[in-house]
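Examining the three-dimensional arrangement
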Amino acid sequence: MTQDRTLSIDDPALECPVAPDVVGRLIKADPEGAVFLLEGIPEATRARLAVWLYGRSHTHAIGVRVASTCDGATLRRTAGVVGNALFDLSRRPQVATSQGTRSGAGRISLGGSLRRA
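Below is a short write-up of the structure. (Residues numbered from 1 in each chain as written. Predicted model: local features only at pLDDT ≥ 70, side-chain atom pairs only at ≥ 80, totals over all residues. Heavy atoms only, no water.)

What follows is about the overall build of the chain. Counting its regular elements, the chain contains 5 helices and 0 strands. Starting at the N terminus, the α and β elements of the chain follow one another as α-α-α-α-α. Considering the chain as a whole, with its 117 residues, one finds that 30% of them fall into the buried category. For the chain, restricting intrachain contacts to residue pairs at least 6 apart in sequence, the fraction spanning at least 24 positions comes to 57%. (Helix = DSSP H or I, 4+ residues; strand = E, 2+ residues; numbered from the N terminus. Buried < 20%, exposed > 50% of the residue type's maximum accessible area, 1.4 Å probe, protein only. Contact = heavy atoms within 4.5 Å.)

Structure representation (structure tokens):
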């Protein structure tokens, strides 16, 4: 009898479960376009893709978006505790980023300090 192994984001043997061009289109897609791209992918594959994307810092948010198209049982079966966390993250309300909303506070200038004589 073979035992199914749950995926982990730290598993170096974890390979992307879809073609590279699909990942590229997902990265470039807006949320509605991403849903359209994911429609033809089986849920178990989407769950593995969500874990794969979540495990990379530059595609972390896309992994959460992909996870939102999967049910909790599939994510848990695919990735155990990570799948459970992905399910929870994907069901949280989206919070708009507040970058650039403060007036000058916390800004960093790459041009150096401005000193006038």
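From this point on, the discussion continues.
A few words on the packing of helix α3 (residues 43–54) against helix α5 (residues 72–90). Relative orientation of the contacting elements α3 and α5 amounts to 60 degrees, with a least axis distance of 10 Å. Relative to α5, the element α3 lies oblique. Crossing hand, α3 versus α5: left-handed. For the pair formed by α3 and α5, the contact residues are Glu43, Ala44, Ala47, Arg48, Ala50, Val51 and Tyr54 on the first element and Thr74, Leu75, Thr78, Ala79, Leu86 and Leu89 on the second. Taken together, the residues that form the contact of α3 with α5 break down as 9 nonpolar, 2 polar and 2 charged. (Axes fitted to C-alpha atoms, helices over the stretch in contact; angles between N-to-C directions. Parallel < 35°, antiparallel > 145°, perpendicular 65-115°, else oblique. Left-handed = near helix turned anticlockwise from the far one by under 90°. Nonpolar A, V, L, I, M, F, W, Y, C, P; charged D, E, K, R; others polar.)

What follows is about the pattern of salt bridges. As enumerated under the stated definition, the model contains 1 salt bridge in all. Two residues, arginine 25 and aspartate 21, come together in a salt bridge whose shortest N-O distance is 3.1 Å. With arginine 25 and aspartate 21 both in helix α1 (residues 20–28) and 4 residues apart, this pair spans about one turn of that helix. (Salt bridge = Lys/Arg side-chain N within 4 Å of Asp/Glu carboxyl O.)

For the rest of this paragraph, the subject is the environment of arginine 91. Among the structural elements, arginine 91 can be located in the segment after α5. In contact with arginine 91, not counting residues within four places along its chain, are Ala67, Ser68, Cys70 and Asp71. Reaching out from arginine 91, the side chain makes a polar contact with the backbone oxygen of alanine 67 at a distance of 3.2 Å. (Polar contact = N/O pair within 3.5 Å; in protein donor to acceptor, adjacent residues only side chain to side chain.)

Moving on to the side chain of threonine 78. Along the chain, threonine 78 turns up in helix α5. You can call threonine 78 buried: its relative accessible area is 12%. In this structure the side chain of threonine 78 is engaged in a polar contact, spanning 2.8 Å, whose partner is the backbone oxygen of threonine 74.

At a minimum axis distance of 9 Å, the contact between helix α4 (residues 60–67) and α5 shows a crossing angle of 100 degrees. With respect to α5, the axis of α4 lies roughly perpendicular. Here Gly63, Val64 and Ala67 of α4 lie close against α5, whose contacting residues are Leu75, Leu86, Leu89 and Ser90. For the contact of α4 with α5, a count of residues per class yields 5 nonpolar, 2 polar and no charged.

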